[in-house]
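These are the residues of each chain, in order.
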Amino acid sequence: MAAELGSTSLSLTKSASVSGPPARERVSGETIIGIGASALAVLAMAVDHLLEDGGGFAADPAAFVIGVGLSLALAAVVFGRVVSRARAVGPESAAKRAIVCSLLAAVGLVTL
């Protein structure tokens, strides 16, 4: 009976330690850069689309909403999928993906 009591307390101790609060995950550097780039894009679009030359507001709110939606979706794809996958596969593939993303950004700037 003493052996049973000892094993019961041992199993209770194990289950109590496992059911503790989950450990906090660190935010990666890529996530911080993605959030900063997105915030900068939204700020630039707010100045461009919402401020008029005379100092008033609401110059083109529809273009602002569409632009913010597109830029946040693109940032989610780039920083959520492309960057995380490039980091996981290794430095050579990451460099190739970085060059492709840079070329796409240059093309995007020219088309705007």
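Calculation notes
Residues numbered from 1 in each chain as written. Predicted model: local features only at pLDDT ≥ 70, side-chain atom pairs only at ≥ 80, totals over all residues. Heavy atoms only, no water. Helix = DSSP H or I, 4+ residues; strand = E, 2+ residues; numbered from the N terminus. Buried < 20%, exposed > 50% of the residue type's maximum accessible area, 1.4 Å probe, protein only. Contact = heavy atoms within 4.5 Å. Expected span 1.5 Å × (residues − 1). Bend = angle between axes of the 7 residues up to and from the residue. Patch = residues over 30% accessible without salt bridge, like charges linked within 9 Å, V, L, I, M, F, W, Y side chains within 5 Å. Areas by Shrake-Rupley, 256 points an atom, 1.4 Å probe, with all protein chains shown as cover. Salt bridge = Lys/Arg side-chain N within 4 Å of Asp/Glu carboxyl O. Arc of directions from axis to C-beta.

Draft legend 1. Highlighting the overall build of the chain. Counting its regular elements, the chain contains four helices and zero strands. Order of helices (α) and strands (β) in the chain, N terminus to C terminus: α-α-α-α. Residues counted as buried form 9% of the 112 residues belonging to the chain. Put simply, of all contacts in the chain between residues at least 6 apart along the chain, 31% involve residues at least 24 apart.

Draft legend 2. Helix α3 (residues 61-89), seen in detail. The terminal C-alpha atoms of α3 lie 41 Å apart, and with 29 residues this matches the ideal 42 Å at 1.5 Å per residue to within 8%. Most pronounced at V78, the bend in α3 amounts to some 25°. Along α3, the residues classified as buried are F64, G67, V68, A75 and A86.

Draft legend 3. A nonpolar patch on the surface, seen in detail. Taken together, the side chains of L40, L43, V47 and L51 make up a nonpolar region of the molecular surface, amounting to roughly 380 Å² of accessible area. Within the element layout of this structure, L43 appears in helix α2 (residues 29-50). Taking the relative accessible area as the measure of exposure, L43 reaches 53% and is therefore exposed.

Draft legend 4. Highlighting α2. Compared with an ideal rise of 1.5 Å per residue, which puts 22 residues at 32 Å, α2 spans 31 Å between its outermost C-alpha atoms and is within 8% of the ideal. Of the positions making up α2, those classed as buried are G34, S38, M45 and H49. The arc enclosing the buried residues of α2, seen along the axis, measures out at 30°, which places them on a common side. Residues of α2 that are exposed and point more than 90 degrees away from the buried face comprise I32, I33, L40 and L43. Residues of α2 that are buried sit in contact with α3.

Such coordinate-based values are descriptive only and should not be taken to indicate function.
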